[in-house]
Amino acid sequence: MRAAILHAVGNDKLDIRDDITLAPVGPTDVRVRIRATGVCHSDLSAMSGVLPQPVPLVPGHEGAGEVVEVGEHVTSVAPGDHVVISWRPACQTCDLCVGGQPYMCMKYVIESFSKGNFRFGGDNATAFGMAGCGTWAEEVIVPWQGAIKIDEDVSWEAAALIGCGITTGVGAAINTAKVRPGSTVAVIGCGGVGLSVIQGARLSGARTILAIDPLESKHALAKKVGATHAITPEQVPEALNELTGGSGFDYGFEVVGKAATIQSAWQITRAGGDVVVVGAGAVDDMVSISAFSLLFEGKKLLSSLYGEADVRHDFPYFAKLHKAGQLDLESLISARIRLGDLNDAVAALRGGEVLRQIVIMD
């Protein structure tokens, strides 16, 4: 089968090859034929080393497909089922999972650094899947907890987006922040995840949703999916006065993954408001907030990992919202491409203009 392999962290080019095989399916594994997979900024971060991953690596973590084979102990899905891939499978038995935080479970994250399911080349070398997935391949093997069944009338493209961007963004608004009806929201960063935060805020009934992005080309789409206003960072002071009387927004979402934008989100959020970090940043990018402000301004600094989702509920729920016309997924797709186009897709992602490019598998 075909897959894209990154041989070394920092490489600009992927090795797209057709001699890939998979390890045998274990008793609790599921083999999935990928039908659509997204090109997400986190994939770029894995290639550059911002998000540490083992190499050789098959990138890709946002995908959906059809179950081909299941292990003897798997009862949750069967061959032929349509599934969304979860890049952070929850073991469902540890204290975090049982305690209501399955998105924090580390069992399979840790395992993904030592267990590679891909084989390639004449020496049958091992390649790892990004976050244990590796959806930039025609087929993957994941734990049964990482293959979540959805209705067959959901398009492959929509299902793939639900696997990461939608769940991360919409979940940040409705699960982490629990945005209140009638509130004011600012979202810094209008990529695919930022636009999903905007949709989550809209679904939650926010009265004012300010989209902030330096690329004016993204402003119209931000308004299309729910923003009431869209500006560049230079226009923030004026908008802060106009929309909040200078007091700040009830919620400030950072969806870039940079210390500078986290501090910007802090600055534009009102006293007692919530600052929600959604973007995945680098391990050495340090945020500075004074101890005085942290206490006396009463702001809550929250992280939102994977939208704090329980994917068993949230994947099908977001699919239902999409089918009901309440989640606009089609507008997030910049282009539909093929596996062989991934090097061009990565270059376009680095340029910053694209939202979600979706690889459609034959």
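Use the structure listed above.
Residues numbered from 1 in each chain as written. Predicted model: local features only at pLDDT ≥ 70, side-chain atom pairs only at ≥ 80, totals over all residues. Heavy atoms only, no water.

Colleague: How do you make sense of the state of the cysteines when you look at a structure like this?
Modeller: When the sulfur atoms of two cysteines share a covalent bond, that bond is a disulfide. Evaluation of the coordinates by the stated rule reveals zero disulfides. Counting only cysteine sulfurs, C91 is the nearest neighbor of C105, a cysteine outside any disulfide, at a range of 3.7 Å. Summary of cysteine pairing: C133 is not part of a disulfide, and the nearest cysteine sulfur, belonging to C164, is at 9.7 Å. Taking the relative accessible area as the measure of exposure, C133 reaches 2% and is therefore buried. (Disulfide = S-S within 2.5 Å. Buried < 20%, exposed > 50% of the residue type's maximum accessible area, 1.4 Å probe, protein only.)

Colleague: Got a minute to help me understand helix α11 (residues 342-351) in this structure?
Modeller: Owing to its 3.6 residues per turn, the α-helix brings residues three or four apart onto one side. L342, N343, A345, V346 and L349 are the residues of α11 that are buried. Down the axis of α11, the buried side of the element spans an arc of 160°, and every buried residue falls inside it. Summarising the geometry of α11, the exposed residues directed more than 90 degrees from the buried face are D344 and G351. Next to the buried residues of α11 lie β1 (3-5), β2 (15-17), β4 (29-39), α1 (41-48), β18 (333-337) and β19 (356-360). (Helix = DSSP H or I, 4+ residues; strand = E, 2+ residues; numbered from the N terminus. Arc of directions from axis to C-beta. Contact = heavy atoms within 4.5 Å.)

Colleague: I would appreciate a short explanation of the sheet that holds strand β15 (residues 249-254) in the present structure.
Modeller: Adjacent strands of a sheet pair through backbone hydrogen bonds, lying either parallel or antiparallel. As summarised here, the arrangement of the six strands in space is β14-β13-β12-β15-β16-β17, forming an open sheet in which the pairing is parallel. Whereas interior strands pair on both sides, the edge strands pair on one side only; in this sheet they are β14 (229-231) and β17 (300-303). Across the sheet, the mean angle separating the axes of adjacent strands is 20° when strand polarity is ignored. Where strand β13 (residues 208-212) meets β14, three bridges bridge the pair, whose relative direction is parallel. Paired with A211 across the two strands is A230, which belongs to β14. Against the sheet, helix α7 (residues 236-244) contacts β13, β14 and β15, and its axis sits at roughly 180° relative to β13. (Pairing = 2+ DSSP bridges. Axes fitted to C-alpha atoms, helices over the stretch in contact; angles between N-to-C directions.)

Colleague: What am I meant to see in the pattern of salt bridges here?
Modeller: Close approach of charged atoms lets side chains of opposite charge pair. Across all of its chains, the model carries 18 salt bridges by this definition. Among the ionic pairs, D153 bridges to K323, the shortest N-O distance being 3.1 Å. Taken together, the residues span a long stretch of sequence, with D153 in the loop between β11 (147-149) and α4 (156-176) and K323 in helix α10 (residues 311-323) at a distance of 170 residues. The exposed category is assigned to D153, whose relative accessible area is 56%. By sharing partners, the salt bridges in this structure join D15, R17 and D19 into a single network. (Salt bridge = Lys/Arg side-chain N within 4 Å of Asp/Glu carboxyl O.)

Colleague: What is the right way to look at empty space enclosed by the protein in this model?
Modeller: A probe as big as a water molecule, rolled over the atoms, marks out the empty space that is left. Enumeration over the complete set of coordinates arrives at one cavity of 30 Å³ or more. Of the pockets and cavities examined, the largest cavity occupies roughly 180 Å³. What lines the largest cavity is a set of 18 residues, among which E111, S112, N117, G132 and P143 lie closest to the centre. Counting only elements with at least two residues in the lining of the largest cavity, the list comes to α3 (107-111), β9 (125-129) and β10 (139-143). A per-element tally of the lining of the largest cavity places β10 first, with three residues. Split by residue class, the lining of the largest cavity holds nine nonpolar, six polar and three charged. (1 Å grid on protein atoms, 1.4 Å probe; cavity = no way out; pocket = protein on both sides within 12 Å on 5 of 7 lines; lining within 4 Å. Points joined across faces, edges and corners; volume = space filled by probe spheres on them. Nonpolar A, V, L, I, M, F, W, Y, C, P; charged D, E, K, R; others polar.)

Colleague: When you look at the sheet that holds strand β8 (residues 118-120) in this model, what are you seeing that I'm missing?
Modeller: Taken in spatial order, the four strands make up an open sheet running β3-β8-β9-β5, and their pairing is mixed. Of all strands in the sheet, those with a lone pairing partner are β3 (21-22) and β5 (57-58), marking the two edges. In this structure, β8 lies alongside β9, joined through three bridges in antiparallel fashion. Of the residues in β9, the one forming a bridge with R119 is T126.

Colleague: Help me understand unusual backbone geometry, please; the structure alone is not making it clear to me.
Modeller: Glycine aside, residues mostly have negative phi, and peptide bonds are mostly found in the trans state. Here the bond from V55 into P56 is cis, since omega is -5°, no more than 30 degrees from zero. Among the secondary structure elements, P56 is positioned in the loop between α1 and β5. Of note, Q92 is a non-glycine position whose phi angle comes to about 75°, a positive value. Its place among the elements puts Q92 in the loop between β7 (82-85) and α2 (95-98). When its relative accessible area of 29% is taken as the criterion, Q92 is described as partly exposed. Here the phi dihedral of N124 falls at roughly 55°; this positive angle occurs in a residue that is not glycine.

Colleague: In this structure, what is going on with the side chain of D314? I would like to understand it.
Modeller: On the secondary structure map, D314 appears in helix α10. Summary of buried charges: D314 has no salt-bridge partner, and the nearest side chain of opposite charge, R312, is 9.6 Å away. If we ignore the near neighbours within four places in the chain, the residues touching D314 are N175 and A309. (Lys, Arg positive; Asp, Glu negative; His and termini not counted.)

Colleague: What should I look at first to understand the side chain of S204 in this one?
Modeller: Mapping S204 onto the fold places it in helix α5 (residues 192-204). Within the structure, S204 has its side chain in polar contact with the backbone oxygen of G200 (distance 2.9 Å). Those residues in contact with S204 that sit more than four places away from it in its chain are A173, I174, V179, R180 and P181. (Polar contact = N/O pair within 3.5 Å; in protein donor to acceptor, adjacent residues only side chain to side chain.)

Colleague: Sorry, what's going on with the packing of aromatic side chains here?
Modeller: Describing an aromatic ring pair means giving the distance of the ring centres and the angle of the ring planes. One pass over the structure, following the stated rule, counts four aromatic pairs. A ring pair is formed by Y306 and F315, whose centres lie 6.5 Å apart and whose planes are at 70°; its orientation type is edge-to-face. Look at Y317 and F318: their rings are 5.7 Å apart centre to centre, the planes differ by 40°, and that puts the pair in the tilted class. For Y317, a relative accessible area of 34% gives the class partly exposed. Looking at K107, its charged tip hangs above the ring of Y108, at a distance of 5.3 Å from the centre. (Phe/Tyr/Trp six-rings, centres within 6.5 Å; stacked < 30°, edge-to-face > 60°. Lys NZ or Arg CZ within 6 Å of the ring centre and 35° of its normal.)

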